[in-house]
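# Summary of structural features
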Amino acid sequence: MRKPIIAANWKLNKGPSDTEDFIKSFESRLNDLPKGVDLVLAPPFISLPKATELLSQSKVRVAAQNMSEQDNGAFTGEVSALMLKEVFVSYVILGHSERRSIYGESDELINAKIRKAHELELKPIFCIGETLGEREGGQLEEVLRRQLTKGLEGITEKQILDTVIAYEPVWAIGTGVTATPEQAQDAHEFVRSVLTDLYEVSVSEKVRIQYGGSVKPANAAELLGQKDIDGALVGGASLEASSFAELIANGVVE
Ligand code: 13P
């Protein structure tokens, strides 16, 4: 049985003060939420120290939304894995479609970041997903296979078990259009089959695959109820503590 993992990706929202307000409100709801789920919040870099400080006694973990593949040096604007460790970050989202499409991150760069994260024992949440054009052009499987194979090059069996995959169809991100539970399950099953090509089946069966793209309190149960969907990576619906808590309560059956 894979333990579900639900993560809030706040993107470019919430400085330290809004982060504090959210965490206080969210923590007050935690007791009423299902226990058998890993919960992660991913604020912007500037809010990470505040988040880890407020959550130091909590089961809720903190993720960065990006990271440099470099250790240090002349890389203006970058943040290293070691710096994230220093402020007690546990996870790092890598390869998000917004990083790929807006900032031009390649599969090779994302692979370098995933390797670096593991080197420093940060757990990557590795995002993959196709655009609408790629899906309509019949390239869904080819794109997912390429992103997975290149992104995971050199990643060992032990490391893949500490990696979360997030399948996020680009056309479903921030659009209000969710993949149907069947579309999502089909893609997740395919992702797991690629993992089985790359690793032993006993390993690929243990890797958690989140779905992301317009997950809301109203559709969480149906999506997370699918066999190969092991959690969610949530944008818009994670910005209010009440809505994120409702989504968790609906999505996780104990
Ligand atoms: P939305 O939930 O706003 O569609 O965002 C999904 C996402 O990109 C999470 O990483």
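This report concerns the structure included in the present document. (Residues numbered from 1 in each chain as written. Predicted model: local features only at pLDDT ≥ 70, side-chain atom pairs only at ≥ 80, totals over all residues. Heavy atoms only, no water.)

Here we take up the site of the ligand. Around the ligand, a shell composed of 13 residues is seen, among which Lys11, His96, Gly174, Ser214 and Gly236 lie nearest. Taking lysine 11, its side chain carries an N or O atom lying 2.8 Å from an oxygen atom of the ligand. Here glycine 236 contributes a backbone N or O atom positioned 2.8 Å from an oxygen atom of the ligand. Protein chains bury 96% of the 310 Å² of accessible surface belonging to the ligand in isolation. Grouping the amino acids of the shell around the ligand by side-chain chemistry returns 4 nonpolar, 7 polar and 2 charged. (Near = heavy atom within 4 Å. Polar contact = N/O pair within 3.5 Å; in protein donor to acceptor, adjacent residues only side chain to side chain. Areas by Shrake-Rupley, 256 points an atom, 1.4 Å probe, with all protein chains shown as cover. Nonpolar A, V, L, I, M, F, W, Y, C, P; charged D, E, K, R; others polar.)

Turning our attention to a negative patch on the surface. Among the surface-exposed residues, Glu182, Asp186, Glu189 and Glu222 lie close enough to one another that they form a single negatively charged patch. A total of 3 residues in the negative patch trace back to one element, the largest contributor, which is helix 9 (residues 181–198). Within the element layout of this structure, glutamate 189 appears in helix 9. (Patch = residues over 30% accessible without salt bridge, like charges linked within 9 Å, V, L, I, M, F, W, Y side chains within 5 Å. Salt bridge = Lys/Arg side-chain N within 4 Å of Asp/Glu carboxyl O. Lys, Arg positive; Asp, Glu negative; His and termini not counted. Charge placed at Lys NZ, Arg CZ, Asp CG, Glu CD. Helix = DSSP H or I, 4+ residues; strand = E, 2+ residues; numbered from the N terminus.)

What follows is about the nonpolar core. Grouped together as the largest cluster of nonpolar side chains are 67 residues, with contacts concentrated most on Ile6, Phe26, Ile165 and Leu195. Once residues within four sequence positions are removed from consideration, leucine 195 is found in contact with Leu148, Leu152, Ile160, Ile165, Ser204, Val207 and Ile209. In this structure, Val40, Ile93, Ile125 and Val164 belong to the second largest nonpolar core, which totals 12 residues. (Core = buried A, V, L, I, M, F, W, Y, C linked by side-chain atoms within 4.5 Å. Buried < 20%, exposed > 50% of the residue type's maximum accessible area, 1.4 Å probe, protein only. Contact = heavy atoms within 4.5 Å.)

Quick look at the pattern of salt bridges now. Following the criterion strictly, the structure yields 19 salt bridges and no others. A salt bridge links lysine 11 to glutamate 98; the nearest nitrogen and oxygen atoms lie 2.9 Å apart. Linking lysine 11 in the loop between strand 1 (5–9) and helix 1 (16–30) with glutamate 98 in helix 4 (residues 97–103), this pair joins segments that are 87 residues apart in sequence. Judged by its relative accessible area of 23%, lysine 11 falls in the partly exposed class. Salt-bridge contacts for aspartate 38 lead to arginine 208; the nearest nitrogen and oxygen are separated by 2.7 Å. With a gap of 170 residues between them, aspartate 38 in strand 2 (residues 38–42) and arginine 208 in the loop between helix 10 (201–204) and strand 7 (209–212) connect regions that are remote in the sequence.

This next bit is on the side chain of serine 238. As for its placement among the helices and strands, serine 238 is situated in the loop between strand 8 (231–234) and helix 12 (241–251). Dropping the residues within four chain positions of it, serine 238 is found in contact with Ala8, Asn9, Trp10, Phe22 and Phe244.

All right, on to the packing of helix 5 (residues 107–119) against helix 7 (residues 140–151) then. It is the contact of helix 5 with helix 7, at a shortest axis distance of 8 Å, that shows an interaxial angle of 45 degrees. Between helix 5 and helix 7, the interaxial angle falls into the category oblique. Pair helix 5 / helix 7 crosses with right-handed handedness. Packed against helix 5, whose contacting residues are Asp107, Glu108, Asn111 and Ile114, the element helix 7 presents Arg146, Gln147, Lys150 and Gly151 at the interface. For the contact of helix 5 with helix 7, a count of residues per class yields 1 nonpolar, 3 polar and 4 charged. (Axes fitted to C-alpha atoms, helices over the stretch in contact; angles between N-to-C directions. Parallel < 35°, antiparallel > 145°, perpendicular 65-115°, else oblique. Left-handed = near helix turned anticlockwise from the far one by under 90°.)

Pairing within the closed barrel is parallel, and its 8 strands lie in the order 1-2-3-4-5-6-7-8. Taking each pair of neighbouring strands and ignoring which way they run, the sheet shows an average axis angle of 25 degrees. Sheet topology places strand 7 next to strand 8; 2 bridges connect them, and they run parallel. Counterpart to glycine 212 in the pairing with strand 8 is leucine 233. Packing of helix 7 onto the sheet brings it into contact with strand 5 (123–128) and strand 6 (164–167), and relative to strand 5 it is tilted by some 155 degrees. (Pairing = 2+ DSSP bridges.)

Here the focus is helix 7. Taking 1.5 Å of rise per residue, 12 residues should cover 16 Å, and helix 7 covers 16 Å from first to last C-alpha, within 8% of that figure. Of all the positions in helix 7, only Leu140, Val143, Leu144, Gln147, Leu148 and Gly151 are classed as buried. Seen from one end, helix 7 has its buried residues packed into an arc of 120 degrees, which puts them on one side. Buried residues along helix 7 sit in contact with helix 4, helix 5, strand 5, helix 6 (132–136), strand 6 and helix 9. (Expected span 1.5 Å × (residues − 1). Arc of directions from axis to C-beta.)

We now examine the packing of helix 1 against helix 12. Viewed as axis vectors pointing N to C, helix 1 and helix 12 meet at an angle of 35 degrees, and their least axial separation amounts to 9 Å. Here helix 1 and helix 12 pass one another in a crossing that is right-handed. On helix 12, the residues touching Phe22, Ser25, Phe26 and Arg29 of helix 1 are Ala241, Ser242, Phe244, Ala245 and Ile248. Across the contact of helix 1 with helix 12, the residue classes tally to 6 nonpolar, 2 polar and 1 charged.

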